[in-house]
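Single-letter residue listing:
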Amino acid sequence: MKLILYSHAVQAGFPSPADDYKEGALSLDDHLIEHPAATYLARAAGDSMEGVGIFDRDLLVIDRALEPVQGDVIIVALDGELTCKILDKQRQRLLAANPRFPAIPILDEQSVVIEGVVKASIRYHRKASC
């Protein structure tokens, strides 16, 4: 399904007439999903990633085909438990985006499997829609 995309940014303050700025149609699948066979969705839980705009109950778009690089937000299975964190390859650790949570060192004896790179997150603003 294609939705209307406006070429003009929507003002969060003073209203602007919108009909003059229609750009065309946009498919959210085309926009958010680069590798369909390698992409999955998961729901965020908790507040450890709020500093990068990921909040409790947000929907995460995760791409397994992307090679994780320094600073990527990733989904990682750490000793079998899934978590969403920032990858710090240089210091071999996982970082939260909330100062209340300490860094998690990646130790040699741990089982670490990167399950994908978080490409986008979707936040619901109407609670009944979740």
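To be clear, the structure that these remarks concern was listed above.
Keep in mind the model is a prediction, meaning the values are calculated, not measured.

S.K.: I tried to follow unusual backbone geometry on my own but got confused; where do I start?
M.R.: Where the residue is not glycine, phi is negative for most of them; where a peptide bond is considered, it is trans in most cases. Phi is positive for R57, close to 80°, though the residue is something other than glycine. Mapped onto the elements, R57 comes out in the loop between β3 (39–43) and β4 (59–63). Its identity as a non-glycine residue notwithstanding, Q92 has a phi of 50°, on the positive side. Inspection of the secondary structure assignment puts Q92 in the loop between β6 (81–88) and β7 (93–95). Classification of Q92 by relative accessible area gives partly exposed; the value is 46%.

S.K.: What's the story with the nonpolar core in this structure? I'm lost.
M.R.: Among soluble globular proteins, nonpolar side chains are generally buried collectively. Judged by nonpolar contacts, A44, M49, I54, L60, I62, V73, I75, C84, I86, A97 and V118 together constitute the single largest core of 11 residues. Elements with a contribution of two residues or more to this core: β4, β5 (73–78) and β6. The contact partners of C84, leaving out residues within four places of it in the chain, are S48, M49, I54, L60, V73, I74, I75 and V118.

S.K.: How should I be thinking about the layout of surface pockets in this particular structure?
M.R.: Empty space among the atoms becomes apparent when a probe as large as a water molecule is rolled across them. Estimated volume of the largest pocket: approximately 220 Å³. Considering the residues around the largest pocket, the lining is formed by 16 residues, among which R43, A44, A45, L60 and C84 are closest to the centre. Elements with a minimum of two residues in the lining of the largest pocket: β3 and β6. The greatest single-element share of the lining of the largest pocket, amounting to 4 residues, is contributed by β6. Split by residue class, the lining of the largest pocket holds 10 nonpolar, 3 polar and 3 charged.

Reading the values: the criteria
- Residues numbered from 1 in each chain as written.
- Predicted model: local features only at pLDDT ≥ 70, side-chain atom pairs only at ≥ 80, totals over all residues.
- Heavy atoms only, no water.
- Helix = DSSP H or I, 4+ residues; strand = E, 2+ residues; numbered from the N terminus.
- Buried < 20%, exposed > 50% of the residue type's maximum accessible area, 1.4 Å probe, protein only.
- Core = buried A, V, L, I, M, F, W, Y, C linked by side-chain atoms within 4.5 Å.
- Contact = heavy atoms within 4.5 Å.
- 1 Å grid on protein atoms, 1.4 Å probe; cavity = no way out; pocket = protein on both sides within 12 Å on 5 of 7 lines; lining within 4 Å.
- Points joined across faces, edges and corners; volume = space filled by probe spheres on them.
- Nonpolar A, V, L, I, M, F, W, Y, C, P; charged D, E, K, R; others polar.

No statement about biological role is implied by the geometric values presented.
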